[in-house]
Each structure stands twice: as C-alpha cells, then as structure tokens.
Amino acid sequence: MASSGAGQLGHPMLYAPTQRLAARPFYGKASPRAFSAQAPGSRIDASSIKIEKTKSPKAKPPLDQTLPFGRVFTDHMLEIEWTRDAGFGTPRIVPHHMLELDPSVPALHYGVQCFEGMKAYKDASGGLRLFRPDLNMTRFDRSCRRLSLPDIDREGMQKCIEALCRVESDWVPDTDGCSLYLRPTCIGTTAFLGVSEPSSALVYVIACPVGPYFANGFAPVKVLAETNYRRAWPGGTGDSKVGGNYAPGLLPQKESSQKGFSQVLWLFGDEEFVTEVGAMNLFVFWETPDGKKELITAPLDGTILPGVTRDSILRLTEQWGEFLVSERPFTMPELAVAVSEGRVLEVFGAGTAAVVAPVNGIGYKGEELVIPCGADGKAGALTKRLFGAISDIHYGRSEEQGWSVVIP
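Keep in mind it's a predicted model, so treat the numbers as computed, not measured.

A. Broad picture of the overall build of the protein. Counting its regular elements, the protein contains 8 helices and 19 strands. Across the 408 residues in the protein, those meeting the buried criterion constitute 54%. For the protein, the proportion of contacts with a sequence separation of at least 24, taken over those separated by at least 6, is 73%. When the accessible surface of the protein is split by element, carbon and sulfur atoms take 53% of a total near 18,100 Å².

This is the structure we're talking about:
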C-alpha cells in the first residue's frame, strides 16, 4: 500500500508499495553499468592473490568475551589498487600497515569513500564461516557506484576476503558470541583537488577480533527521537554505506547522550516518519488497532540502509508465519499513540554488531515513552528468539538457505 505522506513530502516515489519478501530483492535494481564497460582488469582476480606474511606477529589478547570492538587489529590486511586505465591490480595480503596518501586525495576532502561491515565466525569443528557475504558484496558495489568509485567484482572480492580469513584464522575467536569483524573499504586516491570522479582508488580490508555486543547479556537502551536533525533524505546516500552518512550524526549523538539517552532515533519529514536508530535498522513489534500482531520496519525507499540483519529478520519471521511482517512507513506520532494504548510489545535495533539491540524507552517531545522489554526487563521474547536463531546460523548450528557460507 502506498503512503498518503509521499505526496506531502514532495517525492512521489519515496514510499513505493511494499512487495512480499519472497519477491523483494535485497537491494533494488542493479546499476546499468557492467564490468564489460570498464577497462581490462576491472575484474578482481582472486586466483592471482599475493601473500606476504608478517615477520613480526602481534601478541594476541585473549580471544574471548573481553575483546573490545574495533581496537585490536590482526597481523594482515588485504589491498587491491585500481586505476581507470588498468582496472584492478593484483590483490595482495600484506602486513597491517599505515596508508600513505597524497594530502589532496578526494577521500579526505570530498568524502569519496565507502565501506562495509561483516564478520567471520568459527564453528564447533574449527571451520570458518561468513554470514550472507553476497549481500555485503552487493551493498559494497552499490555504495561504490553511488560515489563514482569503481564497480566491485563481487565474486572476486568475496574470494579475496575468504583468503584473508584463511591467513588470519588464528585470530578468529572460537568463543560463542565472538567473531572476526571485517571492514572492506574503498577510497578515492587521485592526487587532485578538483571535485571529480576519481581516476584511482584503493580497496582494502582490515580485520579485528571482537567480543559480543552485550558481554553480560542484553542491556536495553533509551533512545531520543530526533526532531531537529535528519540522517538522510530522498535522492541522497541514506541507502549507501558511505562515511558521509555517519560523521553528521556525531553531534546529535553527543547531544542525546547529554540528555541521558544512548542513541538517536532518526525521524524524517513533517510527518516524523520513523527511519533508523543510531547506525541500525529499527523494528517495532506491536498490535495494530484491529488487534493483529505485526512486526514493522521502514521500507527501502532510498533513505534506509538495506541491512543484512534487517533482511534476515524479515525473511525468518515471514517464514515463521506467526504474525504480520511489514515494510511500510509509520510515524512517531503513531508509535506514541500505540505506546499510550499499550499496543507496543517490543522495539529493537538490528545490525551486524549487535544482531538485535532492545529499546526500553523513547524520548519524544519532552516525555519518555516506556517500551516493554520482556519479563526480565532486558529483552522481549521475539528479540531473544531472533538473536538465538541468527546466532545459530552464524556459527553453523543451524542452516537457512545457504546463509552460512563455509570458507574453503
């Protein structure tokens, strides 16, 4: 169903009709640009990868639940250089090192850079697994295209990442809840101060072992519904994973923290459409006015990041067939009314870092809306169920449509 708010927002395609999940692609229509239109060498040849092992291995910290996020890096990284004339060069796995860049590169001045976030897991037999890496590669490619960076050879890129995981296998924790976080990145590297499409770029991947997002069990957070700042807008880059989406959120995050909230709940338009929370997709589990249970999240209208965890939650819950599963617009006033009427059952964020993160309060127009968080006050039954189901797939304890990819 189309939203009546689309015309009011002055963008008739902002909220398109929602399709059933089985027919919905993860990330819209592919760009018309194809590898064949690029220079020779535009494909990434994983078979030619060169590996240079470090001569000074780092001392590993305990690979357990005490690992912090994003502070401990492995011994090696993946690098692939690209130029407009020659395409992608030979992939290389080299010791983790500082980058040497000309001060004029567009990545530093104009935000010509994007990235991905994904994880490698170690299963009970010691094997390594990636969770739906094809979706990460699809999103990485789309983010690059949005910034006029080179198209990413998704299959070749995934194989190179698998090679990096094999080299760093000793860095992948075997403790439940822990993993090896992978950060594929692409930056424009042309030494030129003009605002133009880069003629050279660097693709690289760094890795860090991480513990669970909630080391001591679920810890629900309070979020502030932001009415002054906006995360994204129609025609922008909200559906791409680019650095320019994140830096502008630091000040709103700081201000919300000063008011006693952990995250920002991003709204859009005069209608105050609910979009995302912090850097995560947002889900609301509630009862509709006519008494039906529904899991709802904002649609992929171009302003919402197509999260891998988001897609997985939608597909799993539709398969369960126990309640309505909807991708459609809804507003903060609607959510506030539902809270006041006792119809909201759970609210949670979803993303690679946490899988799911329960919300127990929303600050809105000077009031705090109390959100139920299960009998223990930490997380609702659906939040816990989704966390368990997706975690089991991560570690190969259960299978779901080939989502857990074993690294050969």
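B. How the structure looks around the side chain of E346. Relative to the elements of secondary structure, E346 occurs in strand β16 (residues 344-351). We note that E346 is buried and unpaired, the nearest opposite charge coming from K293 at a distance of 8.4 Å. Engagement of the side chain of E346 in a polar contact is seen with the backbone nitrogen of A381, the distance being 3.2 Å. Within the structure, E346 has its side chain in polar contact with the side chain of T383 (distance 2.6 Å).

C. Layout of the pairing of strand β9 (residues 200-210). Most of β9 is tucked away, with 11 of its 11 residues classed as buried. Here strand β2 (residues 76-83) runs beside β9; their pairing, made up of 6 bridges, is antiparallel. Considered in β9, the bridge of E81 is made with L202. Here strand β8 (residues 179-188) runs beside β9; their pairing, made up of 10 bridges, is antiparallel. Bridged to S179 within β9 is V210.

D. Seen up close, the side chain of R315. Looking at where R315 falls in the secondary structure, it is placed in helix α6 (residues 308-320). At 2.9 Å, the side chain of R315 forms a polar contact with the side chain of D311.

E. Spotlight on the pattern of salt bridges. All told, the structure shown has 18 salt bridges when counted by the stated rule. A salt bridge links D141 to R145, with the nearest nitrogen and oxygen atoms 2.8 Å apart. Taken together, the positions of D141 and R145, both in helix α3 (residues 133-146) and 4 residues apart, correspond to about one turn of that helix. Two residues, D311 and R315, come together in a salt bridge whose shortest N-O distance is 2.9 Å. Within this pair, D311 and its partner R315 are both found in helix α6, separated by 4 residues, close to a single helical turn. Accessibility classification places D311 together with R315 in one group, the buried group. Overlapping salt bridges bring together D123, R129 and E399 as one network.

F. Geometry of the packing of aromatic side chains. Inspection of the entire model under this criterion finds 10 aromatic pairs. Both rings, one in Y213 and one in F214, keep their centres 4.9 Å apart while their planes meet at 80 degrees; by these two values the pair is edge-to-face. In this structure F214 comes out as buried when scored by relative accessible area, which is 17%. With centroids separated by 5.4 Å and ring planes inclined at 15 degrees, the aromatic side chains of F283 and F348 adopt a geometry described as stacked. Residue F283 is located in strand β13 (residues 280-287), and its partner F348 is located in strand β16; the two are separated by 65 residues in the primary sequence. Here the two residues F283 and F348 agree in accessibility, since each one is buried. Following the ring pairs from residue to residue traces out a cluster consisting of Y213, F214, F218 and F387.

G. Quick look at unusual backbone geometry. At E272, a position not held by glycine, the phi torsion is positive, near 60 degrees. Overall, the relative accessible area of 10% leaves E272 in the buried class. Not every positive phi belongs to a glycine, and K365 is a case in point at roughly 55 degrees. For K365, the location among the structural elements is in the loop between β17 (355-364) and β18 (367-370). Classification of K365 as exposed rests on a relative accessible area of 62%.

H. Structural view of the packing of α6 against helix α8 (residues 381-394). Where α6 meets α8, the axes come as close as 11 Å, and the angle between the chain directions of the two elements is 105 degrees. It follows that α6 is roughly perpendicular to α8 by the angle criterion. Contact residues: T309, S312, I313, L316, T317 and W320 in α6; L382, R385, L386, A389 and I390 in α8. In the contact of α6 with α8, the residues fall into 7 nonpolar, 3 polar and 1 charged.

How each quantity is defined
- Residues numbered from 1 in each chain as written.
- Predicted model: local features only at pLDDT ≥ 70, side-chain atom pairs only at ≥ 80, totals over all residues.
- Heavy atoms only, no water.
- Helix = DSSP H or I, 4+ residues; strand = E, 2+ residues; numbered from the N terminus.
- Buried < 20%, exposed > 50% of the residue type's maximum accessible area, 1.4 Å probe, protein only.
- Contact = heavy atoms within 4.5 Å.
- Areas by Shrake-Rupley, 256 points an atom, 1.4 Å probe, with all protein chains shown as cover.
- Lys, Arg positive; Asp, Glu negative; His and termini not counted.
- Salt bridge = Lys/Arg side-chain N within 4 Å of Asp/Glu carboxyl O.
- Polar contact = N/O pair within 3.5 Å; in protein donor to acceptor, adjacent residues only side chain to side chain.
- Pairing = 2+ DSSP bridges.
- Phe/Tyr/Trp six-rings, centres within 6.5 Å; stacked < 30°, edge-to-face > 60°.
- Axes fitted to C-alpha atoms, helices over the stretch in contact; angles between N-to-C directions.
- Parallel < 35°, antiparallel > 145°, perpendicular 65-115°, else oblique.
- Nonpolar A, V, L, I, M, F, W, Y, C, P; charged D, E, K, R; others polar.

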